[in-house]
Amino acid sequence: MTSKQPKLAVLVKGWPRLSETFIAQELVALQEAGHSFDIWSLRHPTDVKRHPLHDRFAGQVHYLPEYLYDEPQRVWTARSKAQALPGYAEAYRVWRADLRRDPSHNRIRRFGQACVLATELPDPTRVLYAHFMHTPSSVARYAAIMRGLPWSFSAHAKDIWTSPDWEKAEKLRADTHGAAFGATCTAIGAEHLRSLADTPSRVDLIYHGLDLSRFPAPPDRAPRAPNGSFHMLSVGRLVEKKGFDRLIDAFSMLPETLDWHWTHIGGGALGAALQNRAEAAGISQRITWRGACDQPEVIAAMRAADLFVLPSRIAEDGDRDGLPNVLMEAASQLLPILSTPVSAIPEFIETGTHGILSDDDPAALAAAISDLAADPAQTALMATAAYDRLIADFRMDPGIARLSNRLSALGADRS
């Protein structure tokens, strides 16, 4: 029985999550590459739906106490057992140093979750791997110190740009119990993290890419008349960094001669405010809010649309997108793209070649939409170029091979 227990443990913030398809894609691909592992989730799921991809994961999913007061007996039992682990005193010292700089309930919760993780991991566990550099990596780091194990992480966007530099630097140095390696999915993120690491080789640039086997071949798109109806689509959470407030303002500036409609897919805290904004602008009748959808529904919507719009921007707290997978998903269906030159988006889209990257102010977005609607032939050429770039440079397989080798080198054997 023990020999069948996995040597790798993967930490995530929540499982399953509709908005984190890139994580599900990676974990299923690692599993299919021969890695056996369980998922340890800091939170229970809140989405009603799930992607078919989530059902392909064959391991077990364990949920740590989301809030320590929810399971006090489990937490106190774990704390008692953790104190007998060889690295507990050092983990406690490291955590106390972190707590002095971040005296928050979240930081306290991380240590309690780490105690549970360290004492409930199966004995054969040899490697920890966390998705996101902030909370999940903190839990992984504390637990790894307690157990004397190497740990690693994958960093994305918010976790890079909203975490304090002192914390990122300590997670990237050997003398502060840093990660054996960190992967990140954008060149701009990799450059930033390497500047904080004790050695640049500790950080790997590994694009998520796209598993094209999950997507149908692109549709045969009939030429659209320049004066025909124009259906736009956006997929993304209703949060500040996605820029949908400015997009709604841009829609109110479109010429009356343009017969447009916009469909939004995704949930988020700003839903009511954005719907009220559209109502106040007098354009709500041109908008469909579909809420959270699964992958087949998203693909069907992409195949029916004329333009994909993602007006990303930098939020007040510094949060921003990395390289959103939805851009590659749109390209896979030959759906033309309008976005912004924020963060790593230009790593995939060269404006004027693979799509248009506009400034994120409403007037600029409105002008770009009008231009794209008026020139369907040029728009189709850019969509073809984005598809070709996806096929040539952004397939999933090379990144998975590199990540698999990194994990194997730490002791996460493949079967």
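Relevant structure appears above.
What comes next concerns the included structure. Counting from 1, residues in each chain are numbered in the order their sequence is written. The model is predicted, so local features are restricted to residues of pLDDT at least 70 and side-chain atom pairs to those at 80 or more, both for listing and for counting; the totals for chains, interfaces and linings are taken over all residues. Neither water nor hydrogens contribute to the side-chain values; these are computed over all heavy atoms in the structure.

## A word on the overall build of the protein
Basically, it comes down to this: Numbering of helices and strands starts at the N terminus; helices are DSSP runs of H or I of at least 4 residues and strands are runs of E of at least 2. The globule rule used here is 2.2 Å times the number of residues to the 0.38 power, and the radius of gyration it is set against is calculated over C-alpha atoms. Each residue is assigned to one of three classes by its accessible area relative to the maximum for its type, calculated with a 1.4 Å probe on protein chains only: buried under 20%, partly exposed between the two thresholds, exposed over 50%. Any pair of residues with heavy atoms lying within 4.5 Å of one another is described as a contacting pair. For the accessible areas, the method is Shrake-Rupley and the probe is 1.4 Å, while residue cover comes only from the protein chains on display.
Along the backbone of the protein there are 15 helices and 13 strands. The globule rule puts the C-alpha radius of gyration for 415 residues at 22 Å, and the 23 Å found for the protein is close to it. Its C-alpha atoms give the protein principal-axis dimensions of roughly 75 × 45 × 40 Å. Residues classed as buried in the protein amount to 56% of the 415 residues present. Taking all contacts inside the protein whose residues are at least 6 apart in sequence as the whole, residues at least 24 apart take part in 75%. For the protein, the accessible area works out to roughly 17,100 Å², and carbon and sulfur atoms hold 51% of it.

## Observations concerning the nonpolar core
In plain terms, the rule: Side-chain atoms within 4.5 Å link the members of a nonpolar core, which is a set of buried Ala, Val, Leu, Ile, Met, Phe, Trp, Tyr and Cys residues.
In terms of nonpolar packing, the biggest core is built from 55 residues, with Met232 and Phe308 touching the most fellow members. Among the elements that make up this core, the one with the highest residue count is helix α13 (residues 362-374) (six residues). Setting aside residues no more than four positions away along its own chain, Phe308 makes contact with Leu233, Ser234, Val235, Met302, Val326, Leu327, Ala330, Leu335, Pro336, Ile337 and Leu338. Ranked by size, the runner-up nonpolar core spans 43 residues in total, among them Trp40, Ala143, Leu172 and Leu196.

## Considering the side chain of Lys13
So the rule is basically this: Just so you know, the count uses Lys and Arg for positive and Asp and Glu for negative, and it drops His and the chain ends. Counted as salt bridges are all cases of a side-chain nitrogen of Lys or Arg within 4 Å of a carboxyl oxygen of Asp or Glu.
One can find Lys13 in strand β1 (residues 8-14). Here Lys13 is buried and forms no salt bridge, its nearest opposite-charge partner Glu20 lying at an N-O distance of 7.2 Å. Look past the residues within four positions of Lys13 in its chain and what remains in contact with it is Ser41, Leu42, Arg43, His134 and Pro136.

## A word on the packing of aromatic side chains
The description of an aromatic ring pair rests on the distance of the ring centres and on the angle between the ring planes. Rule in force here: The pairing test for Phe, Tyr and Trp rings, Trp by its six-membered ring, is centres within 6.5 Å, and the orientation test on the planes gives stacked under 30 degrees, edge-to-face over 60, and tilted for anything in between.
Enumeration over the complete set of coordinates arrives at 16 aromatic pairs. Pairing Tyr92 with Trp95 gives two aromatic rings, centres 5.7 Å apart and planes at 50°, and the pair type is tilted. Within this pair, Tyr92 and its partner Trp95 are both found in helix α3 (residues 88-101), separated by three residues, close to a single helical turn. With relative accessibility at 8%, the residue Trp95 sits in the buried group.

## A short note on helix α2 (residues 72-82)
Quick reminder: α-helices carry 3.6 residues per turn. Residues three or four places apart thus point the same way. What counts is decided by this rule: The directions from the helix axis to the C-beta atoms form the arc being described.
Listed in full, the buried residues belonging to α2 are Val75, Ala78 and Ala82. Summarising the axial view, the buried residues of α2 lie within an arc of 65°, below the 170-degree limit, and thus occupy one face. Turned more than 90 degrees away from the buried face of α2, the exposed residues are Gln73, Trp76 and Lys81. Lining the buried residues of α2 we find α3, α4 (105-120) and α5 (135-147).

## A look at the pattern of salt bridges
Applying the stated rule across the entire model yields 28 salt bridges. When the shortest N-O distance is used, the salt bridge between Arg50 and Asp55 registers 2.9 Å. Looking at Arg50, the relative accessible area reads 38%, which means it is partly exposed. Lys241 serves as the salt-bridge partner of Asp319, at 3.4 Å between the closest nitrogen and oxygen. In this pair, Asp319 is assigned in the loop between β11 (307-310) and α12 (325-332) and Lys241 in the loop between β8 (230-235) and α9 (244-251), connecting sequence segments 78 residues apart. We classify Lys241 as buried; its relative accessible area is 7%. Residues participating in the shared-partner salt-bridge network are Asp98, Arg101, Asp102, Arg107, Arg110, Arg141, Glu167, Glu170 and Lys171.

## Some points on the packing of α9 against α13
Which entries qualify depends on this criterion: Each axis is a line fitted through C-alpha atoms, taken for helices only over the stretch in contact, and angles between the N-to-C directions span 0 to 180 degrees. Angles below 35 degrees are treated as roughly parallel, those above 145 as roughly antiparallel, those between 65 and 115 as roughly perpendicular, and all remaining angles as oblique. Note: crossing handedness is left-handed where the near helix turns anticlockwise from the far helix by less than a right angle, and right-handed where it turns clockwise. Three classes are used: nonpolar for Ala, Val, Leu, Ile, Met, Phe, Trp, Tyr, Cys and Pro, charged for Asp, Glu, Lys and Arg, and polar for all others, with Gly counted as polar.
The N-to-C vectors of α9 and α13 enclose an angle of 60°; their axes lie 8 Å apart at closest approach. Taken together, α9 and α13 sit at an angle that is classed as oblique. Note on packing geometry: the crossing formed by α9 with α13 is right-handed. Together, Arg246, Leu247, Asp249, Ala250 and Phe251 of α9 and Pro362, Leu365, Ala366 and Ile369 of α13 make up the contact between the two elements. Grouping the constituent residues of the contact of α9 with α13 by class yields seven nonpolar, no polar and two charged.

## Description of α13
The cut-off we apply is this: To estimate how far a helix should reach, multiply one less than its number of residues by 1.5 Å.
Along its 13 residues, α13 runs 18 Å from first to last C-alpha, staying within 8% of the 18 Å computed at 1.5 Å per residue. All of the buried residues along α13 are Pro362, Leu365, Ala366, Ala368, Ile369, Leu372 and Ala373. Down the axis, α13 shows its buried residues gathered within 165° of arc, on one side only. Turned more than 90 degrees from where α13 packs its buried face, Asp371 and Ala374 sit exposed. Close packing links the buried residues of α13 with β8, α9, β11, β12 (337-339), β13 (356-357) and α14 (376-393).

## Some words on the pairing of strand β6 (residues 181-184)
The line we're drawing: In this analysis, strands are considered paired if DSSP registers two or more bridges between them. Crossovers are described as right-handed under a simple rule: with the strands pointing away from the observer, the path leading from the first strand over the helix to the second runs clockwise.
Along β6, one buried face is formed by Phe181 and Ala183 and the opposite face, lined by Gly182 and Thr184, is buried too. Of the strand pairs in this sheet, strand β5 (residues 151-155) and β6 are connected by four bridges, and their pairing is parallel. Paired with Phe153 across the two strands is Gly182, which belongs to β6. In this sheet, strand β7 (residues 203-205) lies alongside β6 in parallel orientation, the contact comprising three bridges. The residue bridging Thr184 from the neighbouring strand is Leu205, located in β7. In this view, the connection linking β6 to its parallel neighbour β7 by way of helix α8 (residues 187-196) has right-handed handedness.

## Some words on the side chain of His134
Take His134: it is sitting in the loop between β4 (127-131) and α5. For His134, a relative accessible area of 13% translates into the label buried. For His134, the residues in contact, after removing those within four places along its chain, are Lys13, Arg110, Asp159, Ser163 and Lys171.

## What to know about the packing of α13 against α14
The geometry of α13 relative to α14 is characterised by a closest axis approach of 5 Å and an angle of 100° between their N-to-C directions. Comparing their axes, α14 and α13 come out roughly perpendicular. Contacts from Leu372, Ala373 and Ala374 in α13 reach Pro376, Thr379 and Met382 in α14. Looking at side-chain class alone, the contact of α13 with α14 contains five nonpolar, one polar and no charged residues.

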